[in-house]
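What follows is each chain in one-letter form.
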Amino acid sequence: NAGVTQTPKFQVLKTGQSMTLQCAQDMNHNSMYWYRQDPGMGLRLIYYSASEGTTDKGEVPNGYNVSRLNKREFSLRLESAAPSQTSVYFCASKGLGRETQYFGPGTRLLVL
Amino acid sequence: DQQVKQNSPSLSVQEGRISILNCDYTNSMFDYFLWYKKYPAEGPTFLISISSIKDKNEDGRFTVFLNKSAKHLSLHIVPSQPGDSAVYFCAASAYSSNTGKLIFGQGTTLQVKP
């Protein structure tokens, strides 16, 4: 099992460009999450999907959209990238109950 | 408002000694706490957790202590090893939210010197 996979690993964008970060999990988990990690800020929740067919905003949703394509896949879209969105993005998934979240390896995004 | 705080950005200890990482929280609805470990260029990995019905949970060299009255938890690593050098995040969740959302602290970078 690959666990949680993310593509791409690294991306450089110009201000105003759009892109989609892909995430997939093969653990048959119901819930999926998108976080960003910035120095001194820890991990902050952008959006989450508690179950297939539902999505909700987290702490820092502005400038992002998400799609829960199916149970396996949860994508994050930046419609018009800004330098403030330069960050490392992590996707995570979780099974039922109080199980732990499993994280992907991250996507490093630089917006110039 | 930072609901989960790790006030020490970094900690350096000698190999074989104890490492103590601290975490404070403000939301009394939190009832489940976790510690994650993160190496550079990798995603966080789960280390240990504790429910609010307990005050201690132990797993090998790692022990987490929870003081609910002080809204404080700590992670003890004994003995510390160079491979433990990483960033450690504490996280908290509230069962009542029914979403599994985690609120993370800022992280503490642990360096274990040989």
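Scroll up to find the structure.
If you're wondering where the values come from, they're calculated on a predicted model, not measured in any experiment.

**Student:** What is the right way to read the overall build of chain B from this model?
**Tutor:** Per the secondary structure count, chain B includes zero helices and eleven strands. Listed by position from the N terminus, the elements making up chain B come as β-β-β-β-β-β-β-β-β-β-β. Taken over the C-alpha atoms alone, chain B extends approximately 45 × 30 × 20 Å along its principal axes. Counting every position in chain B, which comprises 114 residues, the buried fraction comes to 44%. Contacts spanning at least 24 positions in sequence make up 56% of the contacts within chain B whose residues lie at least 6 apart. Total accessible area computed for chain B in this model is approximately 5,500 Å², and 49% of it derives from carbon and sulfur atoms.

**Student:** Can you help me understand the nonpolar core in this one?
**Tutor:** Among soluble globular proteins, nonpolar side chains are generally buried collectively. Judged by nonpolar contacts, the single largest core of 25 residues is most densely connected at V4, F30, F33, W35, L73, L75 and Y88 of chain B. Residue contributions to this core peak at four residues, all from strand β9 (residues 86-93) of chain B. Once residues lying within four places of it in the same chain are set aside, the contact partners of L73 of chain B are L21, N22, C23, Y25, F33, W35, V64, F65 and L66 of chain B. If you look at the next biggest cluster of nonpolar residues, it comprises 19 residues, including V4, M19, L78 and C91 of chain A.

**Student:** Teacher, can you tell me more about unusual backbone geometry here?
**Tutor:** In terms of backbone geometry, most residues other than glycine have negative phi values and most peptide bonds are trans. In this structure, P8 of chain A follows T7 of chain A across a cis peptide bond, with omega equal to -5°. Here P8 of chain A is to be found in the loop between β1 (4-7) and β2 (10-13). Cis geometry marks the peptide bond from V78 of chain B to P79 of chain B; its omega dihedral reads -15°. One non-glycine residue with positive phi stands out, namely N28 of chain A, at about 60°.

**Student:** Is there a simple way to think about the state of the cysteines in this case?
**Tutor:** Linking two cysteines covalently through their sulfur atoms gives a disulfide. One pass over the structure, following the stated rule, counts two disulfides over all chains. Disulfide pairing is shown between C23 of chain A and C91 of chain A; the S-S distance is 1.9 Å. The S-S bond linking C23 of chain A to C91 of chain A shows a torsion near -70°; that makes this disulfide left-handed. Linking C23 of chain A in strand β3 (residues 19-25) with C91 of chain A in strand β9 (residues 87-94), this pair joins segments that are 68 residues apart in sequence. The two residues C23 of chain A and C91 of chain A agree in class, both being buried. Two residues, C23 of chain B and C90 of chain B, share a disulfide whose sulfurs are 1.9 Å apart. A torsion of 65° about the S-S bond marks the disulfide between C23 of chain B and C90 of chain B as right-handed. Linking C23 of chain B in strand β3 (residues 19-25) with C90 of chain B in strand β9, this pair joins segments that are 67 residues apart in sequence. Residue class for C23 of chain B comes out buried when judged on its relative accessible area of 2%.

**Student:** When you look at the sheet that holds strand β7 (residues 62-67) of chain B in this model, what are you seeing that I'm missing?
**Tutor:** Whether parallel or antiparallel, the strands of a sheet pair through hydrogen bonds between backbone atoms. All names here are of chain B. With respect to topology, five strands assemble into an open sheet ordered β1-β3-β8-β7-β6, the strand pairing being antiparallel. Looking at which strands have only one partner, the edges of the open sheet turn out to be β1 (4-5) and β6 (56-59). Pairing of β6 with β7 involves four bridges; the strand directions are antiparallel. Opposite N57, over in β7, you have V64 as the bridge partner.

**Student:** Would you explain the interface of chain A and chain B in this entry?
**Tutor:** How big an interface is tends to be stated in terms of accessible area lost as the parts join. Opposite the 19 residues of chain A that make contact, chain B presents 22 residues. When chain A packs against chain B, the two sides together hide about 1,700 Å² of surface, and 60% of this comes from carbon and sulfur. On the chain A side of the interface with chain B, the three residues burying the most area are L43, R98 and F103 of chain A, jointly 37% of the side's total. Connecting chain A to chain B are zero salt bridges. Secondary structure elements with two or more residues in the side of chain A that touches chain B: β4 (31-38), β5 (42-49) and β9 of chain A.

**Student:** What is the right way to look at the sheet that holds strand β7 (residues 64-68) of chain A in this model?
**Tutor:** Residues and elements named next belong to chain A. What the four strands build is an open sheet, ordered β1-β3-β8-β7; its pairing is antiparallel. Pairing within the sheet leaves two strands with one partner each, and these edge strands are β1 and β7. Ignoring which end each strand starts from, the neighbouring axes of this sheet average 20° apart.

Definitions and limits used
- Residues numbered from 1 in each chain as written.
- Chains lettered and ligands numbered in written order.
- Predicted model: local features only at pLDDT ≥ 70, side-chain atom pairs only at ≥ 80, totals over all residues.
- Heavy atoms only, no water.
- Helix = DSSP H or I, 4+ residues; strand = E, 2+ residues; numbered from the N terminus.
- Buried < 20%, exposed > 50% of the residue type's maximum accessible area, 1.4 Å probe, protein only.
- Contact = heavy atoms within 4.5 Å.
- Areas by Shrake-Rupley, 256 points an atom, 1.4 Å probe, with all protein chains shown as cover.
- Core = buried A, V, L, I, M, F, W, Y, C linked by side-chain atoms within 4.5 Å.
- Disulfide = S-S within 2.5 Å.
- Pairing = 2+ DSSP bridges.
- Buried area = accessible area lost by both parts, 1.4 Å probe.
- Salt bridge = Lys/Arg side-chain N within 4 Å of Asp/Glu carboxyl O.
- Axes fitted to C-alpha atoms, helices over the stretch in contact; angles between N-to-C directions.

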